[in-house]
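Fold and contact review
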Amino acid sequence: MTLKQNILPEARRKKLKELLQEGKLVRVMEAHNGLSGIIVNNVTIQGQKDGKPVTLEFDALWESSLTDSSSKGMPDIEIVSFDSRLQTIQEILSVTNKPMIVDGDTGGDPNNFEYLVTKLERLGVSAVIIEDKVFPKRNSLEDGTQQTLENRHLFANKIRRGKSVQATDDFMIIARLESLIAGKSVKNALKRAKCYLEGGADGIMIHSKSKSPDEVLEFAASYKDLCKELGVTKPLVCVPTTYNQITEAELKTHGFNIVIHANHLLRSAYKAMEETAKTILINQRSYEADPNCAPLKDIFGSVGFLDVKQKDQEEQVSKGPAAIIPAAGEEKVLKPYIGTKPKAMVEIGGIPLLTRQLKALQINKLTDVTVIAGYGKDQLEARGATIIENKNYKEGSVLSSLYMAREKMANGFVMLFSDILLEHHTISKLMVCKEDIVLVVDNSFQYHKDANGHPPKDNTGKKVDFVISRNKHVPSRRRISFVYENIISKIGKSINPETATHEFIGLAKFTKTGAENFLETYEDCLKNYKGPFQEAEDVSKISFTDLIQEMIDRGFNINFLEIHKGWLEIHNREDIELANTLFLP
Ligand code: SPV
Ligand code: MG
């Protein structure tokens, strides 16, 4: 169902009368479930009328007893209960917006019929057609079937009862004449028509199973005179299933106002389904049946699935991708200072580091945040974020923690190490990058030189994630650095600091494709390799930067966004003190 067809019962119910008032022939097509209803409602072709191009379509839906019963595998003998018919009717109404005429069979006894009329009218059905046969009727089209006509006065009374309970003028009750089906004459049909019109019928349907239209045309000619005699103008309906060489235009010329194509979608679907089933049996595979099958995309489009997909995508874009913060690792250096708290809970200016990170992500519309907890899990507070526990945080690395949130990566994600204090603008700059994998790297690290011109050593043993840019790095005062041309050729802790161009700050973004490649590479490494891998002593312990290096080696482009300061890694007591001077409580 697509929501484009949504319509209220009041707006739909009156549409049939409006079409009849326009004076054109109302073209009606059978539907037996939601999907066939969608086809009837939506199918159009470009045709010609009076030499001019026109769009041709069906004007209304016929909810047929024959096709509703048959699609349930049942004979058309009023054996499918009206509650079940009402379910099909509702199913079709909920996915269409054109007027519906319901085949009411005999309508049951007058009490049954009154309830039927109120239910259909309330649903927004425009008309019900009931046939003047005795309950339970037999379908009209099979030769040799016994057809028992109802007493015409009893039937007229049933119509009168139905009309008496209608709540609006929009709803129509049309009387169906089965005289010709039961082998009676046109005269018999006319006598009955008169009786039913006098009983208040809003129109007449003349039915026939003859291959020739002659008898219905004869009836139509006399019907005009009958209406004149009664001083009424009431629409005339036909169902040209057997006499189907006559065109709609010819039927209109003979005085018909509504033409119903009563069973053709079900019959054509039946044939196609049987053919497809046989083709698969013959070939023992479905390849040969493909030409018989509609592409799934067509069906997805019709039932609104493509609309849902597009909305999901738009929502995803407006929500931003997921953000993942691996915060499971045990803190050793800061233990004397922060006790058993996880590092993410270190307070900077009185506010936990993680709270500051969540705020910076939220400012950037990254509200779907997952934090991977491990060490000190019970002391971790991440309001608004999902917490996933990594019970094996001692064995793996940041990467294995990150991998625990793999389901969040499906539409791309942002990864942020839990010990980074950063400006929210840095995330904003990253969010506009289009490349599949972008790592944020700092170029200020090269200015950190000791008295001898060497990069300073960290006396706590913390190793820096160094980066070497593929392009020669030219430090200069005025320069524009484009992310699309910034490509990492090497990343890792064992890179000679003298040759490194940047330092990875622990913030990265992956598109959907980037995330897929990232996960595929990781899973391949775990499955197919053993022992030392990149800088790790064992493949089971590879770090985030090891995997990035592996992807580079496999030919993936890893881009970088270059920043100059504006972040701080909280690694030791001096870092906290420095941060506290920047963010006063
Ligand atoms: C139906 O479509 O169910 C009808 C028309 O009543 S016919 O099958 O021709 O009787
Ligand atoms: Mg029927």
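Everything numeric in this text was worked out from a predicted model, so none of it was measured.

**Thoughts on the overall build of the protein chain**
The secondary structure content of the protein chain amounts to 20 helices and 23 strands. Relative to the compact-globule value of 25 Å for 585 residues, the protein chain shows a C-alpha radius of gyration of 38 Å, a clear excess of over 25%. Dimensions of the protein chain, computed from C-alpha atoms along their principal axes, come out at roughly 120 × 55 × 45 Å. As presented, the protein chain carries roughly 29600 Å² of accessible surface, and 52% of it is formed by carbon and sulfur atoms.

**Quick notes on the side chain of Asn 559**
Topologically, Asn 559 is positioned in strand E22 (residues 559–563). Of the residues examined, Asn 559 reaches a relative accessible area of 4% and is grouped as buried. Those residues in contact with Asn 559, other than ones at most four positions away along the chain, are Glu 435, Ile 437, Val 438, Leu 439, Val 483, Tyr 484, Asn 486, Ile 487 and Ile 488.

**What to know about the environment of Thr 118**
Looking at where Thr 118 falls in the secondary structure, it is placed in helix H6 (residues 110–123). For Thr 118, a relative accessible area of 24% gives the class partly exposed. For the pair Thr 118 and Val 239, spaced 121 residues apart in sequence, the C-alpha separation works out to 25 Å.

**What to know about the domain arrangement of the protein chain**
Here the protein chain is partitioned into domain 1 (50–262), domain 2 (277–310) and domain 3 (311–582). Contacts between domain 2 and domain 3 engage four residues on the former and four residues on the latter. Approximately 390 Å² of surface area, both sides summed, lies buried where domain 2 meets domain 3, with 36% of it carried by carbon and sulfur atoms. The largest share of the area that domain 2 buries against domain 3 comes from Val 308, Lys 309 and Gln 310, three residues that together contribute 89% of it. The interface formed by domain 2 and domain 3 includes zero salt bridges. Taken together, the residues of the side of domain 2 that touches domain 3 sort by class into one nonpolar, one polar and two charged.

**A look at the sheet that holds strand E5 (residues 100–103)**
Spatially, E1-E4-E5-E6-E7-E8-E9-E10 is the arrangement adopted by the eight strands of the closed barrel, whose pairing is parallel. The mean inter-strand angle of the sheet, taken between neighbouring strand axes irrespective of direction, is 25 degrees. Sheet analysis places strand E4 (residues 60–63) next to E5, joined by three bridges and oriented parallel. Residue pairing in the sheet places Trp 62 in a bridge with Ile 101 of E5. Helix H3 (residues 34–42) rests against strand E1 (26–31) and E4 of the sheet, and its axis sits at about 160 degrees to E1. This element, helix H7 (residues 152–165), spans strand E6 (127–131) and strand E7 (172–177) of the sheet and lies at about 165 degrees to E7.

**Section: the coordination of the magnesium ion (ligand 2)**
The protein atoms that coordinate the magnesium ion (ligand 2) are Ser 65 (OG) and Asp 103 (OD), at distances of 2.0 to 2.1 Å. Of this pair, Ser 65 sits in helix H4 (residues 65–71) while Asp 103 sits in strand E5, placing them 38 residues apart in sequence. Overall, Ser 65 belongs to the buried group, its relative accessible area being 2%. Classification of Asp 103 as buried rests on a relative accessible area of 4%.

**Considering the site of ligand 1**
In the vicinity of ligand 1, the contacting residues are Trp 62, Ser 64, Ser 65, Leu 66, Asp 76, Asp 103, Asn 139, Ser 140, Leu 141, Arg 176, His 207 and Ala 262. Residue Trp 62 places a side-chain N or O atom 3.1 Å away from an oxygen atom belonging to ligand 1. Within the complex, 100% of the 280 Å² of free accessible area of ligand 1 lies under protein. Partitioning the shell around ligand 1 into residue classes produces four nonpolar, five polar and three charged.

**Let's talk about helix H11 (residues 264–283)**
With 20 residues, H11 extends 29 Å from end C-alpha to end C-alpha; this agrees with the ideal 28 Å at 1.5 Å per step. Taken together, the buried positions of H11 are occupied by Leu 265, Leu 266, Thr 276 and Thr 279. Taken around the axis of H11, the buried residues stretch over an arc of 160 degrees, which confines them to a single face. In this structure, H11 carries Tyr 270, Lys 271, Leu 281 and Ile 282 as exposed residues pointing more than 90 degrees from its buried face. At its buried positions, H11 is contacted by E1, H3 and H4. Phi for Gln 284, located one or two positions after H11, is positive at around 55 degrees.

**Description of the packing of aromatic side chains**
Following the criterion strictly, the structure yields 14 aromatic pairs and no others. When the ring of Phe 219 is compared with that of Tyr 223, the centres are 5.9 Å apart and the planes differ by 20 degrees; the resulting orientation is stacked. Placement of both Phe 219 and Tyr 223 in helix H9 (residues 214–230) is noted, with a separation of four residues, approximately one turn of the helix. Overall, the relative accessible area of 0% leaves Phe 219 in the buried class. We classify Tyr 223 as buried; its relative accessible area is 3%. Consider the rings of Phe 510 and Phe 544, whose centres lie 6.3 Å apart with planes at 85 degrees: the pair is edge-to-face.

**Details of helix H19 (residues 544–553)**
Of all ten residues making up H19, nine are buried, and the element is well covered by its neighbours. All of the buried residues along H19 are Phe 544, Thr 545, Asp 546, Leu 547, Ile 548, Gln 549, Glu 550, Met 551 and Ile 552. Next to the buried residues of H19 lie helix H16 (398–403), strand E16 (413–416), strand E18 (437–442), strand E20 (488–492), strand E21 (502–510) and helix H18 (512–528). Just downstream of H19 lies Gly 555, where phi reads positive at about 100 degrees.

**Remarks on the nonpolar core**
If you look at the biggest cluster of nonpolar residues, it comprises 67 residues, and the most contacted ones within it are Leu 439, Phe 518, Phe 544 and Ile 548. If we ignore the near neighbours within four places in the chain, the residues touching Leu 439 are Ile 488, Ile 491, Phe 504, Leu 507, Ala 508, Phe 544, Ile 548, Ile 558, Asn 559, Phe 560 and Leu 561. If you look at the next biggest cluster of nonpolar residues, it comprises 52 residues, including Leu 25, Leu 86, Ala 156 and Ala 201.

**Some points on the pairing of E4**
Covered by surrounding structure in E4 are Ala 60 and Trp 62 together with Leu 61 and Glu 63, the residues of both alternating faces. Where E1 and E4 come together, four bridges link them in parallel fashion. Bridge pairing links Ala 31 to Glu 63 in E4.

**Digging into a nonpolar patch on the surface**
Among the surface-exposed residues, Leu 35, Ile 39, Val 43, Leu 296, Ile 299, Val 303, Phe 305 and Val 308 lie close enough to one another that they form a single nonpolar patch of about 630 Å² accessible area. Residue assignment for the nonpolar patch shows that the elements contributing at least two residues are H3, helix H12 (296–302) and helix H13 (305–319). As for its position among the elements, Leu 35 is in helix H3.

**Some details on the pairing of strand E2 (residues 44–49)**
Note: E2 against strand E3 (residues 52–57), six bridges, orientation antiparallel. The partner of Gln 46 across the bridge, within E3, is Thr 55. Between E2 and E3, which follow one another and run antiparallel, lie two residues, and Asp 50 among them has a positive phi close to 50 degrees.

Each value, and the rule that gives it
Residues numbered from 1 in each chain as written. Chains lettered and ligands numbered in written order. Predicted model: local features only at pLDDT ≥ 70, side-chain atom pairs only at ≥ 80, totals over all residues. Heavy atoms only, no water. Helix = DSSP H or I, 4+ residues; strand = E, 2+ residues; numbered from the N terminus. Rg over C-alpha atoms; globule rule 2.2 N^0.38 Å. Areas by Shrake-Rupley, 256 points an atom, 1.4 Å probe, with all protein chains shown as cover. Buried < 20%, exposed > 50% of the residue type's maximum accessible area, 1.4 Å probe, protein only. Contact = heavy atoms within 4.5 Å. Domains from an automatic or database assignment. Buried area = accessible area lost by both parts, 1.4 Å probe. Salt bridge = Lys/Arg side-chain N within 4 Å of Asp/Glu carboxyl O. Nonpolar A, V, L, I, M, F, W, Y, C, P; charged D, E, K, R; others polar. Pairing = 2+ DSSP bridges. Axes fitted to C-alpha atoms, helices over the stretch in contact; angles between N-to-C directions. Donors = N, O, S within 2.8 Å, 3.2 Å for Na, K, Ca; no water. Near = heavy atom within 4 Å. Polar contact = N/O pair within 3.5 Å; in protein donor to acceptor, adjacent residues only side chain to side chain. Expected span 1.5 Å × (residues − 1). Arc of directions from axis to C-beta. Phe/Tyr/Trp six-rings, centres within 6.5 Å; stacked < 30°, edge-to-face > 60°. Core = buried A, V, L, I, M, F, W, Y, C linked by side-chain atoms within 4.5 Å. Patch = residues over 30% accessible without salt bridge, like charges linked within 9 Å, V, L, I, M, F, W, Y side chains within 5 Å.

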